[in-house]
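Survey of secondary and tertiary structure
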Amino acid sequence: MKEKLKLTKDWVHNAYDSRFIKVFGLEYVAGKQYMNATRRDVDDLVALKSDEEFKEMLPDAVSCVVILNGAEPKLLLTYEFRYPTGQYLLSVPAGLIDKSDEAESDPILSTAKRELKEETNIDLTEEDKIEIINPLLFSTPGMTDESNALVCVVISDEQRLHLSQEGAEGTESFDGFVTLTKDEAKRILKQGKDDRGIFYSVYTWAALMHFVSGMWK
């Protein structure tokens, strides 16, 4: 295995700092920096973690694959406005891990349950299933260290749900729900666009794939 580049805090330069996003220059050789956009403070940068810390770290956020397991199972998606695209994108319920979630016994599942309530008004019961599909996936590691866990939620009784997006907070803006059968999900996968003709995110693609593959069963 090739020896890895090891950075120290002395080789990290603060290029931009705000409440919601930071940009650090990672000086991989003298005078040359690789830019990294992140939500993390310098003390929590992924690039500075030891191998042990890297393997145990929490993701920045959690994305939920929500399946309504009725007579014909359906995948539940939302339309959420994504400011960098200027579009309502076909999306999964998702959100950042809060400090309060980090204090829980399972921060990933705690975040998933909270975000489900806020974005869909779903309260899980003992009859429902919730499990981690993947504990941490990087988004675009050539530009950012941001990461998401993927969680699968299977709702046992669709009829009890009273879906709502009234719990949206801050900059969040939604435009309704979409439920897809397996055949409909396959069609959107093959199209590469939703039924409005709009592209979607890689996490929506992952949810579609997890659903149509039957891995959720």
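Notes on the structure follow. Fair warning: this is a prediction, and the values are worked out from it, not measured in the lab.

Reading the values: rules and limits
Residues numbered from 1 in each chain as written. Predicted model: local features only at pLDDT ≥ 70, side-chain atom pairs only at ≥ 80, totals over all residues. Heavy atoms only, no water. Helix = DSSP H or I, 4+ residues; strand = E, 2+ residues; numbered from the N terminus. Rg over C-alpha atoms; globule rule 2.2 N^0.38 Å. Buried < 20%, exposed > 50% of the residue type's maximum accessible area, 1.4 Å probe, protein only. Patch = residues over 30% accessible without salt bridge, like charges linked within 9 Å, V, L, I, M, F, W, Y side chains within 5 Å. Areas by Shrake-Rupley, 256 points an atom, 1.4 Å probe, with all protein chains shown as cover. Salt bridge = Lys/Arg side-chain N within 4 Å of Asp/Glu carboxyl O. Lys, Arg positive; Asp, Glu negative; His and termini not counted. Charge placed at Lys NZ, Arg CZ, Asp CG, Glu CD. Polar contact = N/O pair within 3.5 Å; in protein donor to acceptor, adjacent residues only side chain to side chain. Expected span 1.5 Å × (residues − 1). Phe/Tyr/Trp six-rings, centres within 6.5 Å; stacked < 30°, edge-to-face > 60°. Lys NZ or Arg CZ within 6 Å of the ring centre and 35° of its normal.

Of regular secondary structure, the chain possesses 5 helices and 10 strands. Since a compact globule built from 217 residues should have a radius of gyration of about 17 Å, the 19 Å found for the chain is in line with a globular shape. With the C-alpha coordinates of the chain rotated into their principal frame, the extents come out at 60 × 40 × 40 Å. A total of 217 residues make up the chain; the buried ones form 39% of that total.

On to a positive patch on the surface. Among the surface-exposed residues, Lys-182, Lys-186, Lys-190 and Lys-217 lie close enough to one another that they form a single positively charged patch. Looking at where Lys-186 falls in the secondary structure, it is placed in helix α4 (residues 182-191).

Applying the stated rule across the entire model yields 19 salt bridges. Here Asp-60 ties to Arg-40 by a salt bridge, and the two come within 3.2 Å at their closest N and O atoms. Here the residue Asp-60 occupies a position in the loop between α1 (51-56) and β4 (61-68), and Arg-40 occupies one in the loop between β3 (32-38) and α1, the gap between them amounting to 20 residues. Accessibility classification places Asp-60 together with Arg-40 in one group, the buried group. One network of salt bridges, in which partners are shared, links Asp-98, Asp-101, Arg-114, Glu-115 and Glu-118.

Examined against the element boundaries, Thr-85 turns out to sit in the loop between β5 (74-82) and β6 (87-91). Here the alpha-carbon distance between Thr-85 and Asp-157, two residues 72 residues apart in the chain, equals 35 Å. At a separation of 3.3 Å, a polar atom in the side chain of Thr-85 contacts the main-chain amide nitrogen of Gln-87.

What follows covers helix α3 (residues 107-120). In an α-helix, one full turn covers 3.6 residues, which means residues spaced three or four apart are oriented alike. The terminal C-alpha atoms of α3 lie 19 Å apart, and with 14 residues this matches the ideal 20 Å at 1.5 Å per residue to within 8%. Counting buried positions along α3 yields 12 of 14 residues, so the element is predominantly enclosed.

Here the structure, examined in full by the defined rule, presents 4 aromatic pairs. Three or more aromatic residues joined by ring pairs form one cluster here, namely Phe-81, Tyr-83 and Tyr-88. Above the face of the Tyr-79 ring, Arg-196 is positioned so that its terminal group lies 3.6 Å from the ring centre.

In this section: the environment of Val-29. Its location among the elements puts Val-29 in strand β2 (residues 22-29). For Val-29, a relative accessible area of 36% gives the class partly exposed. C-alpha separation for the pair Val-29 and Trp-11, spaced 18 residues apart in sequence, amounts to 8.9 Å.

A positive phi is found at Asn-121, a non-glycine position, where the angle reads about 70°. Here Asn-121 is to be found in the loop between α3 and β8 (129-138). A residue is classified by how much of its surface remains accessible, and Asn-121, at 30% relative accessible area, is partly exposed.

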